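Chain by chain, the residues:
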Amino acid sequence: MKYRSILYLLCLMMALMVSGCWNYSELKELSISYALGIDQLDDGQIQLTLLISLPMAGKSSSQKSNSNGGEEKGYWVTTMTGRTLFEALSNGRDQVSRKTFLAQNKVIIIGEEAAKNGISPLLDLAYRRHDVRELNDVFIAKGKAQDILEAKSEQEENLAKALENLVEATGSTSKATKTTLLDVMKSLVSKTNDPFISGLELVDHSAGKETKKLVKLSDTALFKDDRLVGWFNPKETRGLLWILGEVKSGIIVVDAPDDESKKVAIEIMKASRKVKPELMDGKPVMTVSVEEVGNLGEQMTSINMATPENFKELENRQANVIKEEIQAALDKAQALGVDVFKFGQEYHRKFPKEFPALEENWEEEFKNLTVNIEVKTKLNALGLAAEPVKD
């Protein structure tokens, strides 16, 4: 009897394990979205643009020839409209014969006009749906999100994959940011932090006699609460990343010592930062300290840089460039009253008792915040060439 009971229990456990999911759907029954765009139309309606994968049954490549001898895309771009995003998705069933599946979606693009009117309502559906991943990369289009998704990539057949690769490449320049849906959600619920999101724009690219529109990472969108209020250019964006401690690599270009008309390029090898929030006579004062180590990557002058004097001067000049980038970001953010640097969070962490009084009017406190910038730089190596090539 004992062994029989154990056998029954094992059979029951096996039955539960192989029962499957109640809402399981075959892939061939789904429209798999890789990227989605959100625009607001002139009449107030919401336009949703989806980049949907096309099934390539029996094909080993991502493309197949069509009847005219050309190539068919491995994806389809379609638009749908409604008073809300949910209604737009529902209305889209008139043209999309399969249920839309968003679990494979990697990119969310919001049009500029829609972002100016507030992104919180536009992302509400993404927060609620179980099949939308929090690690979607989020962008703001300079123009319409639809135009971005209808553009082509020269290197990737799937534009969503091209955008993913662009985001991953931002670490090599530290002039663009990587922002996920989770990052945006955290900033929107914070009482002090304001969101920032990387921008995209279409640029003309000439290939022989043909001119194409290609997608390019462009600037960083700044938000007050959930509304787009301005943009950081690449210099200001790197200033933001210096303060956040997210500069990993990149190039700093300075004037050559003793030859101001020539340039020297210094490669950023590593960097770190510390922020020190203080209260002086009840007023907040922030100190941002950055330490950077670089290598001499290139010089456009024949002057020998491998002297203690020139090394020291190059270190000073790259420190000045870093200070200028940080100050440029601070000036614009404080003028707009947007704390994208998470300073409020730092004060909350260090001064939990005093912070509630600051939080009541943090925007004005941030605008008037005194920020001290300290930068230490070190030049490590010259590369393989000890001296420049002489004419």
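Just above, that's the structure.
Remember, it's a predicted structure, so these values are computed and weren't measured experimentally. (Residues numbered from 1 in each chain as written. Predicted model: local features only at pLDDT ≥ 70, side-chain atom pairs only at ≥ 80, totals over all residues. Heavy atoms only, no water.)

Novice: Which parts of the structure should I look at to understand the nonpolar core?
Specialist: Of all hydrophobic cores here, the largest spans 45 residues; its most connected members are Phe341 and Phe343. When residues in this core are grouped by element, the largest group, nine residues, is from helix H9 (residues 308–336). Discounting residues that sit within four places of it in the chain, phenylalanine 343 has contacts with Ile243, Met286, Val288, Leu330, Trp362, Phe366, Leu369 and Val371. Judged by nonpolar contacts, the second largest core, of 30 residues, contains Ile38, Ala114, Ile119 and Leu122. (Core = buried A, V, L, I, M, F, W, Y, C linked by side-chain atoms within 4.5 Å. Buried < 20%, exposed > 50% of the residue type's maximum accessible area, 1.4 Å probe, protein only. Helix = DSSP H or I, 4+ residues; strand = E, 2+ residues; numbered from the N terminus. Contact = heavy atoms within 4.5 Å.)

Novice: Looking at this structure, I do not really get the environment of glycine 37. What am I missing?
Specialist: With respect to the secondary-structure elements, glycine 37 resides in strand E1 (residues 30–40). Overall, glycine 37 belongs to the buried group, its relative accessible area being 0%. Ignoring any residue separated from it by four or fewer positions in sequence, one finds glycine 37 in contact with Gln47, Leu48, Thr49, Ile109, Ala145 and Leu149.

Novice: Where do I start with unusual backbone geometry in this structure?
Specialist: For residues that are not glycine, phi is negative in most cases, and the peptide bond is trans in most cases. Positive phi outside glycine occurs at aspartate 281, with the angle close to 55°. Along the chain, aspartate 281 falls in the loop between strand E13 (259–280) and strand E14 (283–299).

Novice: Would you mind going over the packing of aromatic side chains with me for this structure?
Specialist: Two descriptors summarise a pair of aromatic rings, namely the distance from one centre to the other and the angle between the planes of the rings. Summed over the entire model, instances satisfying the criterion amount to six aromatic pairs. On the numbers, 6.0 Å between centres and 25° between planes, the contact of tyrosine 347 with phenylalanine 351 is stacked. Judged by its relative accessible area of 0%, tyrosine 347 is buried. Over the ring of tryptophan 231 we find lysine 142, and its NZ or CZ is 4.8 Å from the ring centre. (Phe/Tyr/Trp six-rings, centres within 6.5 Å; stacked < 30°, edge-to-face > 60°. Lys NZ or Arg CZ within 6 Å of the ring centre and 35° of its normal.)

Novice: What is the right way to look at the pattern of salt bridges in this model?
Specialist: It is possible for side chains bearing opposite charge to pair when their charged atoms get close. Under the counting rule described, the total for this entry stands at 19 salt bridges. For lysine 106, the salt bridge goes to glutamate 164, with nearest N and O atoms at 3.9 Å. Taken together, the residues span a long stretch of sequence, with lysine 106 in the loop between strand E6 (99–101) and strand E7 (107–111) and glutamate 164 in helix H6 (residues 159–169) at a distance of 58 residues. Judged by relative accessible area, which is 22%, glutamate 164 ranks as partly exposed. Residue aspartate 137 is joined to lysine 178 by a salt bridge in which the shortest nitrogen-to-oxygen separation is 2.8 Å. Taken as a pair, aspartate 137 in strand E8 (residues 137–141) and lysine 178 in the loop between H6 and helix H7 (181–189) lie far apart in primary sequence, 41 residues in all. Overall, lysine 178 belongs to the partly exposed group, its relative accessible area being 40%. Through salt bridges with shared partners, a single ionic network connects Lys224, Glu363, Glu364 and Lys367. (Salt bridge = Lys/Arg side-chain N within 4 Å of Asp/Glu carboxyl O.)

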